[in-house]
Structure formats: C-alpha cells, structure tokens
Amino acid sequence: MKPRTVLTIAGSDSGAGAGIQADLKTFAALGAYGTSVLTAVTAQSTRGVDAVLPLPPQTVRDQMDSVLGDFDVRAVKSGMLGTPAVADAVAEAARAGRLPHLVVDPVLVATSGHRLGVVEAVERLLPYAEVATPNCAEAAALTGGPVGTVEEMVAAAEALAARGPAFVVVTGGDVDADGESVDVLSGGGTTRLLRAPRVDTRHNHGTGCSFSAAVAVRLAAGDAVPVAVAAAKEYVTRALTGARTWELGAGRGPLDH
Ligand code: PLP
C-alpha cells in the first residue's frame, strides 16, 4: 500500500500552532503522508513571534532534492518563504515542473505583527500556483488593498487570479459577515462565495496554514479545485470548533486537528 504523499515548504513554529507543524498535523488528520522542507525557523508561542532565522536557499534546495528525489509527491503547499532568495529557489523548482498541484499560501505578516515574508518573494511564486490562498491582509498587500468587505474580497480574488494562479481563494475568517465566515474563490472563469458558520475562539492560530495544507491533500486525492477548497473550509471549521474550549498558552492557541 502506498500512502498519498504531500509536501509542505514552510517555516517552523516552535509553538506548533502554525507553519510546518500545523501542516503536518493537517496532513496526518486527513490521511496523507506529510513531508517537509523548512525555509525558516521561528521562535514562537501562542503570544507571538519572538525571533526568525531564515535558512540559506541552498539548504532549501537540498531538502527539496532529498524529498522529491525519493517520494512520489502528489501535491505541494508553500507557506512562509522568508526571503526572496528562498522564494527563487522554490520558484525554480516550480518552473521545472517538480512541484505538482502547488498551493501557495502567501504568508507575509503574523497576526502578532511580525514580518514573515515580503511581497516580492510571494510574487515570484504566484504564477506557478494552482491555488493561492491569501487572507484579507495578504490580499490587500498583494493588490494594494483595501480588502475588508466581501465586495473587496471579490475584487481582490479576481485581480490576483489574473496574475497567474489558476485559482485564488481569499479567506475571510477575519471578516464577520453576519455571523458567517465567507471565502471568495475565483478561477476557471467564475467567482463564487463559500460560507461557513463563524467560530469565535482565541484558538485560531495557524488557520491559514491548516487551510492551505488541507487544500493540498484534497488536490493530491484528485479533487477539482472548488471541491478541494470546500472540503478544506469544512476541515478548518471542524478544527476551530474542536479547539473552542481549549486552554493552551496565554495568547492565540492552535487548532484541534
Ligand atoms: N508562523 C509561521 C511559521 C507561519 O507559517 C505562519 C503562517 O501564516 C504564521 C506564523 C502566522 O500565523 P498566524 O497569522 O495565525 O499568527
């Protein structure tokens, strides 16, 4: 038997709420075998990011070579890239066709305010994305904003989809749309809204990472993008709901995978 293999290219979160750790938990919860390429090491807890060490681009290349040279990777997600040089290394692999079903989570700034990436780095990878998954702040940074209402999310998703990715989903967990969490998916000539009940909890750290990781698992399983995105939204809603009564750390806690 051959477990379905997926890869995350992202940063480490020592508190294990976001980044590589959230991705690997999501992969395992959804029945995939997760492999990982680290781009950066962050010192981080539920209270926020204390320090960031980006890894050298060659170290990222070496990890990609090791994993892609051995495993039959079916889908890939990228998260925090850290530096433009690391983004170039990942974009190089994408350009060479080595990163199938690439989901790009354009990580720029942690909710705590710490910078985790730069727009120029994300832009290098965007054209190779089958799906890009910015939240509202990231969509605003990439388009010149503002992105704070569902109408603005629609405009941003359509503008970003015109810049290379096959699909863009702007996630709206931070926008309260009448008690719902609304995501906007644009691509394939249409734009649609995906709705879920809003889950109010301080345990929401790593929501974007977990969402994009779940999309990658479903793409690896052969789902079409709109089906994969809907399944990922359901997964994140479930993981947020599961953690609603958790008491982990003093700040924004992790999801219940
Ligand atoms: N730390 C790392 C390593 C990440 O990849 C991310 C992902 O977005 C974050 C922190 C930010 O998570 P949040 O915005 O939930 O604080």
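Residues numbered from 1 in each chain as written. Predicted model: local features only at pLDDT ≥ 70, side-chain atom pairs only at ≥ 80, totals over all residues.

Visitor: Mind showing me how you'd approach the UniProt feature "domain: Pyridoxamine kinase/Phosphomethylpyrimidine kinase" (unreviewed entry) in the chain here?
Guide: UniProt's entry tags residues 13-255 with the feature "domain: Pyridoxamine kinase/Phosphomethylpyrimidine kinase" (unreviewed entry), counted in the numbering of this structure. Split by type, residues 13-255 is 39% helix and 21% strand. Its first and last C-alpha atoms lie 14 Å apart. (UniProt positions renumbered as here; feature names shortened; annotations may be inferred. Helix = DSSP H or I, 4+ residues; strand = E, 2+ residues; numbered from the N terminus.)

Visitor: Would you take a moment to explain unusual backbone geometry for this structure?
Guide: It is generally the case that most residues other than glycine have a negative phi and that most peptide bonds are trans. Cis geometry is adopted by the peptide bond preceding P146, which originates at G145 and carries an omega value of -5 degrees. Along the chain, the position of P146 falls in the loop between helix 5 (136-143) and helix 6 (150-161). We note that H101 has phi near 45 degrees; this positive angle belongs to a residue other than glycine. Within the element layout of this structure, H101 appears in the loop between helix 3 (84-95) and strand 5 (102-104). On the basis of neighbour count, H101 is assigned to the buried category, with 23 C-beta atoms found within 10 Å. (Buried ≥ 20, exposed ≤ 12 C-beta atoms within 10 Å, placed from the backbone.)

Visitor: Whenever I open this one, the site of the ligand confuses me. Can you help?
Guide: Taken together, the neighbourhood of the ligand is formed by 19 residues, with G11, A18, G19, M80 and T111 sitting nearest. Counting only elements with at least two residues in the shell around the ligand, the list comes to strand 1 (5-13), strand 2 (33-45) and helix 7 (207-220). (Near = placed C-beta within 6 Å.)

Visitor: Sorry, what's going on with the packing of helix 1 (residues 19-29) against helix 7 here?
Guide: At a closest axis distance of 8 Å, the pairing of helix 1 and helix 7 adopts a crossing angle of 40 degrees. Comparing the axis directions of helix 1 and helix 7 gives the class oblique. Seen along the crossing, helix 1 lies across helix 7 with a hand that is right-handed. Listed contacts from helix 7 to G19, A22, D23, T26 and F27 of helix 1 are C209, S210, A213, A214 and V217. (Axes fitted to C-alpha atoms, helices over the stretch in contact; angles between N-to-C directions. Parallel < 35°, antiparallel > 145°, perpendicular 65-115°, else oblique. Left-handed = near helix turned anticlockwise from the far one by under 90°. Contact = placed C-beta atoms within 7 Å.)

Visitor: Just checking my understanding: could you explain the environment of V184 for this structure?
Guide: You can see V184 is positioned in strand 8 (residues 180-187). Judged by the 25 C-beta atoms lying within 10 Å of it, V184 falls in the buried class. Distance in space between the C-alpha atoms of V184 and P3 is 31 Å, their sequence separation being 181 residues.

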